[in-house]
Every structure is written in C-alpha cells, then in structure tokens.
Amino acid sequence: MQAADADAGGRAGGADNSLEGQGQGGCGGLCSAGTEAAVAGAAPHVPRPQHAPGPGGDALSTTGRPETRIHIFALGVPFPSHLEAEIACASLAPDREPHGGIVEKQLTVTDSVLAIRWRAENSRLLRISIINFLDQLSLVIRTMQRFGPPVSR
Amino acid sequence: MPTVLGFEGSANKIGVGVVRDGAVLANPRRTYVTPPGTGFLPGDTARHHRAVILDLLQEALTEAGLTSQDIDCIAYTKGPGMGAPLVSVAVVARTVAQLWNKPLLGVNHCIGHIEMGRLITGATSPTVLYVSGGNTQVIAYSEHRYRIFGETIDIAVGNCLDRFARVLKISNDPSPGYNIEQMAKRGKKLVELPYTVKGMDVSFSGILSFIEDVAQRMLATGECTPEDLCFSLQETVFAMLVEITERAMAHCGSQEALIVGGVGCNLRLQEMMETMCQERGARLFATDERFCIDNGAMIAQAGWEMFRAGHRTPLSDSGITQRYRTDEVEVTWRD
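What counts as what
- Residues numbered from 1 in each chain as written.
- Chains lettered and ligands numbered in written order.
- Predicted model: local features only at pLDDT ≥ 70, side-chain atom pairs only at ≥ 80, totals over all residues.
- Heavy atoms only, no water.
- Helix = DSSP H or I, 4+ residues; strand = E, 2+ residues; numbered from the N terminus.
- Rg over C-alpha atoms; globule rule 2.2 N^0.38 Å.
- Buried < 20%, exposed > 50% of the residue type's maximum accessible area, 1.4 Å probe, protein only.
- Contact = heavy atoms within 4.5 Å.
- Areas by Shrake-Rupley, 256 points an atom, 1.4 Å probe, with all protein chains shown as cover.
- Lys, Arg positive; Asp, Glu negative; His and termini not counted.
- Charge placed at Lys NZ, Arg CZ, Asp CG, Glu CD.
- Pairing = 2+ DSSP bridges.
- Axes fitted to C-alpha atoms, helices over the stretch in contact; angles between N-to-C directions.
- Disulfide = S-S within 2.5 Å.
- Phe/Tyr/Trp six-rings, centres within 6.5 Å; stacked < 30°, edge-to-face > 60°.
- Lys NZ or Arg CZ within 6 Å of the ring centre and 35° of its normal.
- Expected span 1.5 Å × (residues − 1).
- Buried area = accessible area lost by both parts, 1.4 Å probe.
- Salt bridge = Lys/Arg side-chain N within 4 Å of Asp/Glu carboxyl O.
- Polar contact = N/O pair within 3.5 Å; in protein donor to acceptor, adjacent residues only side chain to side chain.
- Nonpolar A, V, L, I, M, F, W, Y, C, P; charged D, E, K, R; others polar.
- UniProt positions renumbered as here; feature names shortened; annotations may be inferred.
- Core = buried A, V, L, I, M, F, W, Y, C linked by side-chain atoms within 4.5 Å.

Our next topic: the overall build of chain B. Tallying secondary structure elements over chain B gives ten helices and 13 strands in all. Taken against the 2.2 N^0.38 rule, which gives 20 Å for 335 residues, the C-alpha radius of gyration of chain B at 20 Å falls within 12% of a compact globule. With respect to the three principal axes, the spread of C-alpha positions in chain B is 65 × 45 × 30 Å. Considering chain B as a whole, with its 335 residues, one finds that 59% of them fall into the buried category. Of the contacts formed within chain B by residues at least 6 apart in sequence, a portion of 78% connects residues at least 24 apart. When the accessible surface of chain B is totalled, it reaches about 12600 Å², and 48% of it is carbon and sulfur. The averaged location of the 38 negative side-chain charges in chain B is 3 Å from the averaged location of its 31 positive side-chain charges.

Right, dumping it as structure tokens:
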C-alpha cells in the first residue's frame, strides 16, 4: 500500500479544515460506535495479525477447540477530518463479505480515524479480504482526493 | 428537471452517464478485453474498473458541461452482476454522493436496460427480450412489476456465445459476440445442434457442451469451418429466443417487441425477430451499440425515473447484490 494512499492526502495533523468537530461516533448508524482503540501507530504501517486473548485466558485458548484458531486483524486509517473518515466508512461498510460468515469485519470511526477490525476462522480468506479491502479503500481515498473536499452541510 | 449521474460496472464494461429529462448528456465507457481463449475474471475486472472509473467520471461531467453542483442524484448498479466489479463502482458512487451531499439510488441492471430501451425507441409497452452475456429473460410489464415470462434455466445466451468463442480462440476485441457475428456471415453449412426450448424457458449449457465437442471433431476432419459453426450456433440459439419471445407476445396480446442487452446488437437476431414480428403484425424496436451494451446512461435513466417517483437508497441499504431479480423492484413510475 502506498504511503500516499494510506495518509488520505497527507493533511493529517494539520488544521482541521472541515466544519465538523472532532467527534466520536458511527457513520450514520452503519458502523457501531466504538471504543475500539485500534489505531496502528504511524499511518502507512499495517500491523501484523494478532491472536486475541479470550476473557481472562491466553492467546491459544481463544475457542473451545484447539484446532480452530480465530484470527484477528486490526487496521487504523487516519483521515484529515472526522467527516471524511465517516464518508469513507459509509462507502466501505455496506457490502457484505462473501463466504457466509467465515470472515467478518467491523468498521468504526473515532475522531478522524477509520478503524477496521477483522475476525476470521480461515487465514487465507482473511488475507484475501484484507487485500480486497485495501484496494477499495485506496479507490475511496483517490475519489475523495480528486472530487473532494466534502461540501458544507 | 432532475439531472442524474449513473454508474455501471457489473461485468467487463464500465460506464458513467448523465441524463436529464430524457436527454443523454454524456455516456463514456471502457471495456476490459482479455486475450483470445480467455474470459474476464472478477478480480482482474474490478482492478480494471478501479483504474479508469475516476477518469470516466471526469469525462462524463466535462462532456455534459456540468459540475457536481448540477447533479441532483447519483445512481449506480446495485445488482445483479459480478461481486468485486459491482463493489468497485458502488464505493465510488457512495463516496461522491456523500462528498457532494446528493441522494443515492441503487438501480437494478436489467431495469436499466429496459428503461433505456423504452426511452430511446419510444416503445410504449413492449414484450422485452433481454439478452446479454449475463442475462437471458423475456419480460413484460404488468401492474407495477417487470414480470419474467421466460428465461434461461442455466447460462445466458451471450455466455454460450462468449465461451464458444474461447474454444475457437476468437478475439474478444471489441467483443467475442461481434466477432462471431462477422464470422457467421461467411458460414455456408448448417451443422445440426440440439434445440432446447423448455416451454417458456430456454437452456444453453447443453448446446455449449455439444458444440465444443463437435468443434474438436469436425474442425480436425475438415467437415466444416469455424465460420459454419458460428453460423449454426447463431441460427439455433436465435431461433430459440424468437420462439420464447413470440410465445410471451401471444400470451400478452402484445404488438411490440423490444430487444435490449449486448446480444441485442446482433443484426442477425434483429432480422429474425423482425420476420417473426411482421408475421404477427407487430413492431420490433432495437437500439444501437451505444445503448444495447452495458452503459452508465441506462443506469442514470432508470435512476431518473426512480428519483422522480420518490425512490431513495439509504447508505445502509446500498450494498451490492449478485442476485437481483428483475421482478423484485416495484415499478412505481409506470401505471
């Protein structure tokens, strides 16, 4: 993933030039409002998959069956403003994942960061889902760069 | 007078169109063409669409002489079609709808073809033969639904033609169907193929298997030429389509027939349909390749009708769907 794409125009950290304040919330009810703090440090860095610990347990005992592993992947994408993060969220959330429920993802917006959290039983399908998401995310960012900024509400 | 922007990309064509009150202001399009002997796969097709869609959008606005402020509604193909290409187009539609703060409309691809056919030809209430690489249906309007009277029970007629083209390694540029049509004109011998009309419906997968098999054998022995096979395949499948269209017209007492979809460009099909219509005292309507083949303006036109009738697609409902029946939509814009 190119740094330019991940950094949504490179205006992060500067003046917030949108009319919206820095709020926390879902994107029009589409994404669950979250306390997810899955920001991945510096913008272009994609974090390595982690195994989520179970309640009070360790990484290996995530599920009842020792052979089935649940893979978790979290990604945070900063945007120049809360509104633009919400726009990206609302554009990317509606399409359902293929293959039933083997791979699930959840999108949330906190301040001006779009956080995506994947949960999958199959690592190959998880990898495919992430790659496809990054392609569509890149397109959304290019669209916003070329046809934005958002008009005032 | 609403101005609607339409995005289409359910198969290998990607188009962006602008329509205002029955006038097509812009309709640029690109086609993803694969090498002879191959078909287009979803991931590669989506990659193609993502690479060109923003340029196409700019082209459409420039050609129409409009800015984003002049657009009243953003329409896009909700389905049916191939997953990844549909998503690639839908995310752009959703993004610009939000950037420009305009309402969004998810359109059924088949209805896009029908509404553009009605607009361009002026047909009032025709029996519609919708034939393309992805769809084969005979449709008639009744009481707020486009009802499917007959359809393929397996593959679309265009799919049969396209996959046969691969066997003969016929070029996919500009489309395999076009090249089969040109070769068929030079065919001299009719090879007998299975004829599979099933009541109101048709089946093509058996014909495809048969002709793939026949091609190997007969071309090796020189019993017939590739041109003969193209000719024979067209004559057979088109006769089947004429039969089921006629059957639907007889049921409905219809005096008009309209052909839409990419296979509708085929002049031999139009000729055969015309013969049938004349024998019944009915009128045949067809459009040219600008509107037969998937395009953005047809989505904009269906969107225009839907917008004026009060339809809106909330973002949360705007997910694409690979299966979307023509009769699922309530056609509130017609009586």
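Residue and element names in this part refer to chain B. Taken together, five strands build an open sheet; the order of strands is β9-β8-β7-β12-β13 and the sheet is mixed. Edge positions in the sheet fall to β9 (145–151) and β13 (283–286), since each has one partner strand and no second. Shown here is a sheet whose adjacent strand axes are inclined to one another by a mean of 25°, direction ignored. Sheet topology note: the strand β7 (residues 127–131)/strand β12 (residues 256–260) ladder contains four bridges and is parallel. When the sheet's bridge partners are listed, Val128 is paired in β12 with Leu258. On the sheet, helix α8 (residues 267–280) packs against β7, β12 and β13 and is oriented at approximately 160° with respect to β13.

Residues and elements named next belong to chain B. For the coordinates displayed, the defined rule picks out zero disulfides over all chains. Of all cysteine sulfurs, the one in Cys230 lies closest to Cys224, which takes part in no disulfide; the gap is 9.9 Å. Of the cysteine sulfurs around Cys277, a residue in no disulfide, the closest is that of Cys252, at 13 Å.

Our focus in this paragraph is unusual backbone geometry. Residue B:Pro80 is reached from B:Gly79 by a cis peptide bond, and omega for that bond is -10°. Tracing the backbone shows B:Pro80 in the loop between β5 (73–79) and α2 (83–99). Following B:Asp173, the chain continues to B:Pro174 via a peptide bond in cis, the omega torsion being 0°. Here B:Pro174 shows up in the loop between α4 (157–167) and α5 (176–184). Unusually for a residue other than glycine, A:Asp111 sits at a positive phi of about 55°.

Time to look at the packing of aromatic side chains. In total, this model carries four aromatic pairs over all chains according to the counting rule given. Aromatic ring contacts, followed pair by pair, group A:Phe73, A:Trp118 and A:Phe133 into a single cluster. Residue placement shows B:Arg334 over the ring face of B:Tyr141; its charged tip is 4.0 Å from the ring centre.

Residues and elements named next belong to chain B. The element strand β8 (residues 136–142) is extensively covered by neighbouring structure, given that six of its seven residues are classed as buried. Inspection of the sheet shows β7 paired to β8 by four bridges, in the antiparallel sense. Pairing of Leu129 across the sheet is with Val138, part of β8. Between β7 and the antiparallel strand that follows it, β8, lie four residues. Summarising the sheet, β8 and β9 pair through six bridges and their orientation is antiparallel.

To continue, consider helix α7 (residues 226–252) of chain B. Helix length check: α7(B), at 27 residues, gives a terminal C-alpha distance of 39 Å against a target of 39 Å (1.5 Å per residue), a fit within 8%. Looking at the residues trailing α7(B), positive phi occurs at B:Gly253, about 65°.

On to the interface of chain B and chain A. On the side of chain A, 22 residues touch chain B, which itself brings 25 residues to the contact. When chain B packs against chain A, the two sides together hide about 2100 Å² of surface, and 60% of this comes from carbon and sulfur. Three residues, B:Arg50, B:Leu54 and B:Leu99, lead the burial of chain B against chain A; their summed loss comes to 33% of the area buried on that side. Close ionic contact of B:Arg50 with A:Asp135 constitutes a salt bridge, the shortest N to O distance being 3.3 Å. Where chain B touches chain A, the interface holds 13 residue pairs in polar contact (both at pLDDT 80 or more). Of all the secondary-structure elements, those providing two or more residues to the side of chain B that touches chain A are α1 (42–64) and α2 of chain B. Sort the elements by how many residues they give to the side of chain B that touches chain A and α2(B) lands first, with ten residues. The residue inventory of the side of chain B that touches chain A, partitioned by class, reads 13 nonpolar, nine polar and three charged.

Bringing the UniProt feature "binding site: a divalent metal cation" (unreviewed entry) in chain B into the picture now. Residues and elements named next belong to chain B. Following the UniProt record, one finds the feature "binding site: a divalent metal cation" (unreviewed entry) at His109, His113, Tyr130 and Asp294. Judged by maximum C-alpha separation, these annotated positions cover 186 residues in sequence but sit close together in space, the widest gap being only 11.8 Å. Here His109 lies in helix α3 (residues 109–121). What makes His109 buried here is its relative accessible area of 3%.

Take the nonpolar core next. By size, the foremost hydrophobic cluster in this structure holds 59 residues, and its most contacted members are A:Leu114, B:Phe7, B:Ile74 and B:Trp100. In terms of residue count, helix α3 (residues 123–147) of chain A provides more of this core than any other element does, eleven residues in total. When sequence neighbours within four positions are dropped, the list of residues in contact with A:Leu114 reads A:Leu75, A:Gly76, A:Val77, A:Phe79, A:Ala85, A:Ala88, A:Cys89, A:Leu92, A:Leu107, A:Thr108, A:Val109 and A:Leu137.

In this section: the environment of A:Trp118. All names here are of chain A. Note that Trp118 resides in strand β4 (residues 113–120). By relative accessible area, Trp118 is classed as buried at 0%. Sequence separation between Trp118 and Ile128 is ten residues; the distance between their C-alpha atoms is 12 Å. If sequence neighbours within four positions are ignored, Trp118 has contacts with His71, Ile72, Phe73, Leu75, Val103, Glu104, Lys105, Leu126, Ser129, Ile130 and Phe133. A polar atom in the side chain of Trp118 sits 2.9 Å from the side chain of Ser129.

Turning to the UniProt feature "binding site: substrate" (unreviewed entry) in chain B, a few remarks are in order. All names here are of chain B. Feature annotation in UniProt places "binding site: substrate" (unreviewed entry) on Tyr130, Val131, Ser132, Gly133, Gly134, Asp162, Gly177, Glu181 and Asn266, given in this structure's numbering. For Val131, the position within the fold is in strand β7. Since its relative accessible area comes to 0%, Val131 is described here as buried. Setting aside its immediate chain neighbours within four residues, Val131 contacts Thr136, Val157, Leu241, Ile259, Val260, Gly261, Gly262, Val263, Gly264 and Leu269. When you line up the elements, Asp162 lands in helix α4.

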